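Single-letter residue listing:
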Amino acid sequence: DAKTTQPPSMDCAEGRAANLPCNHSTISGNEYVYWYRQIHSQGPQYIIHGLKNNETNEMASLIITEDRKSSTLILPHATLRDTAVYYCIVRVAFSQGGSEKLVFGKGTKLTVNP
Amino acid sequence: DTGVSQDPRHKITKRGQNVTFRCDPISEHNRLYWYRQTLGQGPEFLTYFQNEAQLEKSRLLSDRFSAERPKGSFSTLEIQRTEQGDSAMYLCASSLTGGQPQHFGDGTRLSIL
């Protein structure tokens, strides 16, 4: 049911940039890409989202390819606290109610090493 | 902290018992969602409320599950006659409008003995 594909795991050295890829080749023209992360025993935490332009906030940057079939989440200076499972999500609209559900895959387990 | 609040954080019960979980969304958010997460998997959507109206239900929500949001603020999720397969983390999220990011609570972890 998930519409995205991510590598199951990645490692990154503390202080270096972490680049997490995501493929979403079936994305529709008006569908946003969302990124969440989940630290053990906590709920998913919203990071960033975008449609077609690159986005940046205080947590991360999101680079979306021109054809919108893939994206990369960039954590510019990874810390040990960034160790988490990162989910790339394309929302699925409800037939009524004017909202959407998030369809999570298994995500990428990012381990930041000292 | 004015984030999504869930209670209890942990619930251990015997098979066959009924359990009820509570979710308090972010105060101005009128959209509320329930998800379930089993070990090693991402969360799966269960149901959605806009104000007090339950507008979407997943086929995962069997007849033993019922959710309410009586005044359009907090919500409850009840599971009747619990089974081993109900063991999971139950997550609640809220959003201001459709299209806005959903913000999650830290969930209720249910363990069935």
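Residues numbered from 1 in each chain as written. Chains lettered and ligands numbered in written order. Predicted model: local features only at pLDDT ≥ 70, side-chain atom pairs only at ≥ 80, totals over all residues. Heavy atoms only, no water.

Asks: Give a detailed account of the sheet that holds strand β3 (residues 19-24) of chain B, specifying residues and quantitative values.
Replies: All names here are of chain B. If you trace the four strands from one edge of the open sheet to the other, you get β1-β3-β8-β7, paired in antiparallel fashion. Strand pairing shows two members of the sheet lacking a second neighbour, β1 (5-7) and β7 (65-68), which therefore form its edges. The average undirected angle you get between the axes of adjacent strands in this sheet is 15°. As judged from the five bridges shared by β3 and strand β8 (residues 75-79), these two strands associate in the antiparallel manner. What sits directly across from Val19, in β8, is Ile79. (Pairing = 2+ DSSP bridges. Helix = DSSP H or I, 4+ residues; strand = E, 2+ residues; numbered from the N terminus. Axes fitted to C-alpha atoms, helices over the stretch in contact; angles between N-to-C directions.)

Asks: Summarise the confidence of the model for chain A; cite the residues concerned and give the values.
Replies: Averaged over all residues, the pLDDT of chain A equals 92, while 97% of them reach at least 70. The spread of mean pLDDT over the elements of chain A runs between strand β9 (residues 100-102) of chain A, the lowest at 88, and strand β10 (residues 108-113) of chain A, the highest at 98. (pLDDT = per-residue confidence, 0-100.)

Asks: Which residues make up the pattern of salt bridges, and what values go with them?
Replies: Counted by the stated rule, this structure contains six salt bridges over all chains. A:Glu31 is the salt-bridge partner of A:Lys3, the closest N and O atoms lying 2.8 Å from each other. Residue A:Lys3 is located in the segment before β1 (9-13), and its partner A:Glu31 is located in the loop between β2 (18-23) and β3 (33-38); the two are separated by 28 residues in the primary sequence. On the accessibility criterion, A:Lys3 (26% relative accessible area) is partly exposed. For B:Arg64, the salt bridge is made with B:Glu83, and the minimal N-O distance between the two is 3.4 Å. In this pair, B:Arg64 sits in the loop between β6 (53-57) and β7 while B:Glu83 sits in the loop between β8 and β9 (88-95), placing the two residues 19 residues apart along the sequence. Each of B:Arg64, B:Glu83 and B:Asp86 takes part in one network of salt bridges that share partners. (Salt bridge = Lys/Arg side-chain N within 4 Å of Asp/Glu carboxyl O. Buried < 20%, exposed > 50% of the residue type's maximum accessible area, 1.4 Å probe, protein only.)

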